[in-house]
Amino acid sequence: MAENTDSRAHIRETSVSLAVNLGGLPMKNPVTDASGTFAAGREFSAFVDVAELGAVTTKGVSLNGWQGNAAPRIAETPSGMLNSIGLQNPGVAHLMADELPWLKSQGATAIVNVSGHSFDEYVQVIEALEDADAVGAYEVNISCPNVDEGGMTIGTDPASVQKVVGACRRATKRPLIVKLTPNVTDVAEIARAAVSAGADALSLINTVLGMAVDAERRRPQLARVVGGLSGPCVKPIALRQVWEVHNAVDVPLLGMGGISSGIDAIEFMLCGATAVAVGTANFVCPTATVDVANGIIDYCERQGVSDVAELIGGLQC
Amino acid sequence: MANPVNERARLLSNDPVGPRLYLMRLETPIIAKTTRPGQFVHLQIPAADAHILRRPFCVYARDAEAGTIDVLYQVVGEGTRLLAKATPAVVDATGGMSVLGPLGNSWAAVDEAQSGSGLHVLLVGGGVGAAPLYLLAEDLIDAGCAVDVVLGAQTEDALVTRERFAALLGREPACATDDGSYGRPGFCTTLSQEALDAGCSVDGAPFDRVCVCGPDPLMKIVAAQAHEAHVPCEVSTERRMACGIGACLSCVVETTDGLKRSCADGPIFDAEKVVW
Ligand SMILES: Cc1cc2nc3c(=O)[nH]c(=O)nc-3n(C[C@H](O)[C@H](O)[C@H](O)COP(=O)(O)OP(=O)(O)OC[C@H]3O[C@@H](n4cnc5c(N)ncnc54)[C@H](O)[C@@H]3O)c2cc1C
Ligand SMILES: Cc1cc2nc3c(=O)[nH]c(=O)nc-3n(C[C@H](O)[C@H](O)[C@H](O)COP(=O)(O)O)c2cc1C
Ligand code: FES
């Protein structure tokens, strides 16, 4: 319906230069979505034009697909939510047959989020995707805290991180973003391991391991008991880790964790992020990605910033 | 199905109508025009920023001309408790309530009724599950169907949809209350079984369809009754939702065709396909 199409939110015109480069991936503005909160964008296309985003990051994909976890899979927490979706996905062939062609037809840039239960599976997913021309970059999720055999062990151990990133690096020349878990003692150490194995960029943070309890029923709120915390409540943790990683390595960072406004995004850029991802905020408001981009423009115009890249790491301590 | 929109709605009224039950009227011109029976809206709790997730509610009634929808809801937790406190003045002061909709699919019975002739349909609603059946009854009757309605509630004063159904049908719906304060004492599944056995109250013809909305155990029993009677049955599922538009996979329903998203592939499913 015409009236509905017109109601889509758009990133407004500006003289501010918004383009950034994320480890070899050119982005027309610094805003993408956080993997798993946006599917491959189609569900949001009644609200935003996905081609206007710096990139569309797709939901985590494995080789042959996973069933995910039992329900309930989510719980609301103060200023946040827990999820234990368990990386349910239909497999890489489906992504290539369905979602990637759609993103291409929209004119969108795709960052494909890759997951695996084994080092080999990561490599096999990337090898399959090398045949697709619509992939701008890979984001390797070494950090999913949800799946028994999945990211958790890999992303918390520097030697395993080096091994999986090295294997992925050998499988592709495309920009390789490695997504870090916040559930470690020293995120800088993990970041250095990923970069030494060939990561072009790092993204952080994934969800923070947490739990919610129903006292009346004396039961956990999630079927899987524990899950990943996201939303505004994790922003201080995310900012601190982006700042630490920025001070530890030289590659560009994709910052995320509780971003729901342009000001939130600017805070991440000042701490060292080159680009930002909007996750849980998409559930609060389906135009959140575009709202964040417009908020960045507002800030730059108000502060007289002519190029958004000037802000990266600009925190004055 | 129309594209969903995010409307900034004025709250026109929000009044208690029964035990922990509230009736809310929202000004949502586009959603009021485009909502089909069974679809839902996903609302932001006003002035409650720490509650970041929206809450899903079925559309109870719609007035396309006035541009309004009604939502009947029960206070069950923190979000609905805050919703019950919302006043038109507070919502106006915050620039309106963010209402996403219409979302989800609709009852196949409506399409079938509109293409065929004179279906006999049995509607079974438990608790606030009766609300989404009202729009369905309206559309089915408009399409020339004979409709029987069975309602269940804990007490008489919780049977808040009874009068609207009576006015629409021109006769009383069959009612059961847990405490026996109105209609048949006990669960409404006794009434749904009797209805299936007796056939449509209008002409005694066997039912062509059963549509159920209510707690899972109720839907499961009625689905089994319909199965026994060889009558196709649809159920309206209720799952915890985050996005409400099919992107996050929070709301999965297990079906014989695999995991489906309640918000986008449902909330209405063929009862035969649901793995209870
Ligand atoms: C498609 C659909 C239509 C619905 N229609 C109606 C309706 O017309 N009238 C009505 O009274 N209720 C309806 N519900 C249930 C209603 O959404 C919940 O009662 C409400 O979300 C509870 O919120 P709370 O904050 O008070 O409860 P809390 O328990 O504090 O909520 C915590 C979280 O759990 C979720 N949640 C809790 N109970 C339910 C539930 N039963 N179903 C789904 N999510 C739940 C909440 O959305 C929230 O994210 C519907 C649910 C769905 C999925
Ligand atoms: C429902 C849900 C699903 C997610 N799925 C994935 C996923 O498939 N792969 C991944 O790398 N991260 C996944 N994440 C993590 C997010 O991409 C993001 O790192 C995290 O939620 C923090 O950002 P936010 O606070 O803006 O949501 C998921 C998060 C949520 C809430
Ligand atoms: S609530 Fe997100 S997919 Fe259904």
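Residues numbered from 1 in each chain as written. Chains lettered and ligands numbered in written order. Predicted model: local features only at pLDDT ≥ 70, side-chain atom pairs only at ≥ 80, totals over all residues. Heavy atoms only, no water.

Bringing the site of ligand 2 into the picture now. Residues and elements named next belong to chain A. Around ligand 2 there are 23 residues in total, and Ser35, Lys179, Ile205, Gly258 and Thr280 lie nearest to it. Here an oxygen atom of ligand 2 sits 2.8 Å away from a polar atom, N or O, in the main chain of Ser35. Asn141 places a polar side-chain atom, nitrogen or oxygen, 3.3 Å from an oxygen atom of ligand 2. If ligand 2 stood free it would expose 600 Å²; the protein chains cover 97% of that surface. (Near = heavy atom within 4 Å. Polar contact = N/O pair within 3.5 Å; in protein donor to acceptor, adjacent residues only side chain to side chain. Areas by Shrake-Rupley, 256 points an atom, 1.4 Å probe, with all protein chains shown as cover.)

Residue and element names in this part refer to chain A. In the contact formed by helix H2 (residues 92–106) and helix H3 (residues 119–129), the axes pass within 10 Å of each other and the chain directions differ by 35°. Two packed elements cross with a definite hand, and for H2 against H3 that hand is right-handed. Between H2 and H3, the contacting residues are Val92, Leu95, Met96 and Leu100 on the first element and Val125, Ala128 and Leu129 on the second. Looking at the contact of H2 with H3 residue by residue, the classes come out as 7 nonpolar, no polar and no charged. (Axes fitted to C-alpha atoms, helices over the stretch in contact; angles between N-to-C directions. Helix = DSSP H or I, 4+ residues; strand = E, 2+ residues; numbered from the N terminus. Left-handed = near helix turned anticlockwise from the far one by under 90°. Contact = heavy atoms within 4.5 Å. Nonpolar A, V, L, I, M, F, W, Y, C, P; charged D, E, K, R; others polar.)

Let us now look at the nonpolar core. Counting residues in hydrophobic clusters, the biggest one holds 120 residues, and the most contacted among them are Leu100(A), Leu129(A), Leu180(A) and Leu202(A). When residues in this core are grouped by element, the largest group, 8 residues, is from helix H10 (residues 288–303) of chain A. Mapping this core onto the domain boundaries places at least three of its residues in each of domain 1 (5–103) and domain 2 (108–273) of chain B. Residues in contact with Leu129(A), not counting those within four places in the same chain, are Val92(A), Leu95(A), Met96(A), Leu100(A), Val112(A), Val114(A), Val135(A), Tyr138(A) and Arg174(A). Listed in part, the 31 residues of the second largest apolar core include Ala113(B), Leu136(B), Ala153(B) and Cys175(B). (Core = buried A, V, L, I, M, F, W, Y, C linked by side-chain atoms within 4.5 Å. Buried < 20%, exposed > 50% of the residue type's maximum accessible area, 1.4 Å probe, protein only. Domains from an automatic or database assignment.)

All names here are of chain B. What the domain assignment reports for chain B is domain 1 (5–103) and domain 2 (108–273). For domain 1 and domain 2, the distance between their C-alpha centroids amounts to 22 Å. The interface of domain 1 with domain 2 comprises 26 residues on the first partner and 25 residues on the second. Summed over both sides, the interface between domain 1 and domain 2 buries roughly 2000 Å², with carbon and sulfur atoms accounting for 65% of that surface. Summed over the shared surface of domain 1 and domain 2, the result is 3 salt bridges. Of the charged contacts in the structure, one is a salt bridge between Asp70 and Arg164, with a shortest N-O distance of 3.0 Å. On the surface where domain 1 and domain 2 come into contact, there are 4 residue pairs in polar contact (both at pLDDT 80 or more). For the side of domain 1 that touches domain 2, the secondary structure elements donating two or more residues are strand E1 (5–18), strand E2 (21–27), strand E3 (40–43), strand E4 (55–58), strand E5 (61–63), strand E6 (68–74) and strand E7 (97–103). When residues in the side of domain 1 that touches domain 2 are grouped by element, the largest group, 4 residues, is from E6. Taken together, the residues that form the side of domain 1 that touches domain 2 break down as 16 nonpolar, 5 polar and 5 charged. (Buried area = accessible area lost by both parts, 1.4 Å probe. Salt bridge = Lys/Arg side-chain N within 4 Å of Asp/Glu carboxyl O.)

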